[in-house]
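Here are the chains, one letter per residue:
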Amino acid sequence: MAKVFLNGQPVEHPHEVHEHISPMSTYNAVIGALFVLTGLTFAVSFADLGPASLTVAMVVAFIKASLVVAYFMHLKYDDKYHLFVFLGTIIFVGIFFGFTMFDLKSRDALNDEQETFVRWKELENEGKGLKLGVDNVPERRAKVLAEIEAHGGGHGGGGHGEAGHGGGEHKADAKAEHKAAAH
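Every value quoted in this text rests on a predicted model; they were computed, and no experiment measured them. (Residues numbered from 1 in each chain as written. Predicted model: local features only at pLDDT ≥ 70, side-chain atom pairs only at ≥ 80, totals over all residues. Heavy atoms only, no water.)

## Some remarks on the confidence of the model for the protein
Here comes step 1: In this model, the protein carries a mean pLDDT of 75, and residues with pLDDT of at least 70 account for 64%.
Here comes step 2: Considering each helix and strand of the protein separately, the mean pLDDT is smallest for helix 6 (residues 169–182), with a value of 54, and largest for helix 1 (residues 24–46), with 93.
Here comes step 3: With pLDDT under 50 throughout, residues 157–168 is counted as low confidence; its partners more than four residues away or in other chains account for 13 contacts. (pLDDT = per-residue confidence, 0-100. Helix = DSSP H or I, 4+ residues; strand = E, 2+ residues; numbered from the N terminus. Contact = heavy atoms within 4.5 Å.)

## Quick word on the layout of surface pockets
Here comes step 1: One number sums up the size of the largest pocket: a volume of about 420 Å³.
Here comes step 2: As for the largest pocket, its lining consists of 15 residues, and the residues nearest its centre are L54, M58, V93, G94 and F97.
Here comes step 3: Broken down by element, the lining of the largest pocket gets its largest block of residues, eight residues, from helix 3 (residues 80–105).
Here comes step 4: Here the lining of the largest pocket is built from residues that sort into 11 nonpolar, three polar and one charged. (1 Å grid on protein atoms, 1.4 Å probe; cavity = no way out; pocket = protein on both sides within 12 Å on 5 of 7 lines; lining within 4 Å. Points joined across faces, edges and corners; volume = space filled by probe spheres on them. Nonpolar A, V, L, I, M, F, W, Y, C, P; charged D, E, K, R; others polar.)

## Here's the deal with the side chain of S22
Here comes step 1: Residue position: S22 is located in the loop between strand 2 (9–11) and helix 1.
Here comes step 2: The class of S22 is buried, set by a relative accessible area of 8%.
Here comes step 3: With residues near it in sequence (within four places) discarded, S22 still touches Y27, H74 and Y77. (Buried < 20%, exposed > 50% of the residue type's maximum accessible area, 1.4 Å probe, protein only.)

## Quick look at the nonpolar core
Here comes step 1: By size, the foremost hydrophobic cluster in this structure holds seven residues: V30, L34, L37, V60, L67, A70 and Y71.
Here comes step 2: When contributions to this core are tallied by element, the ones reaching two or more residues are helix 1 and helix 2 (52–72).
Here comes step 3: Looking at this core element by element, the count peaks at four residues for helix 2.
Here comes step 4: Apart from residues lying up to four places away in sequence, L37 is in contact with V60, I63, K64 and L67. (Core = buried A, V, L, I, M, F, W, Y, C linked by side-chain atoms within 4.5 Å.)

## Considering the packing of aromatic side chains
Here comes step 1: Per the stated rule, a full pass over the model turns up three aromatic pairs.
Here comes step 2: Taken together, a centroid distance of 5.0 Å and an interplanar angle of 75° make the contact between F42 and F46 edge-to-face. Taken together, the residues F42 and F46, both in helix 1 and four residues apart, mark about one turn of the helix. We note that F42, like F46, is exposed. (Phe/Tyr/Trp six-rings, centres within 6.5 Å; stacked < 30°, edge-to-face > 60°.)

Here's what the structure looks like:
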């Protein structure tokens with residue numbers, strides 16, 4: 001066997017690295033699948049799938065990314081360590097999106113522990129009012145409204161167009177309740 005040198009030094013136990021060359025038909029099949037999946041993504045954007053549309057779009061995107069990584073980036077024929085790194089990354093991104101989805105589902109809720117509102121004024125201006133927490137206990141709602149008014153966050157001098165929320169007796173009641181709570 002002939003001696004193998006690397007950087008001018010002999011190599012004790014050389015081994016050859018064989019690159020994998022895929023046939024052109026494989027690349028054509030993968031690119032065809034990517035085009036079909038891209039068309040499916042476009043069709044899903046117009047379909048009325050409701051809450052499932054995001055899930056379907058993410059699954060299709062995952063399949064497309066997997067095809068690109070496996071065939072065009074040759075992960076299918078590479079060391080299994082690189083596959084482990086890729087799958088670990090996918091799992092991490094899945095966990096990240098999962099927690100984000102939980103957060104998005106609770107954006108309209110109230111934070112009862114801190115007695116703060118999320119989108120309180122927007123909901124009230126839309127005429128929807130509050131559905132959780134403070135509205136269930138009228139005394140607590142009055143306390144919170146008085147506290148908001150005392151800190152300058154009240155409705156002010158009208159202009160909101162809602163009956164009973166333009167100032168007047170509502171404003172006087174809130175100030176009286178706040179003064180009573182302060183003493």
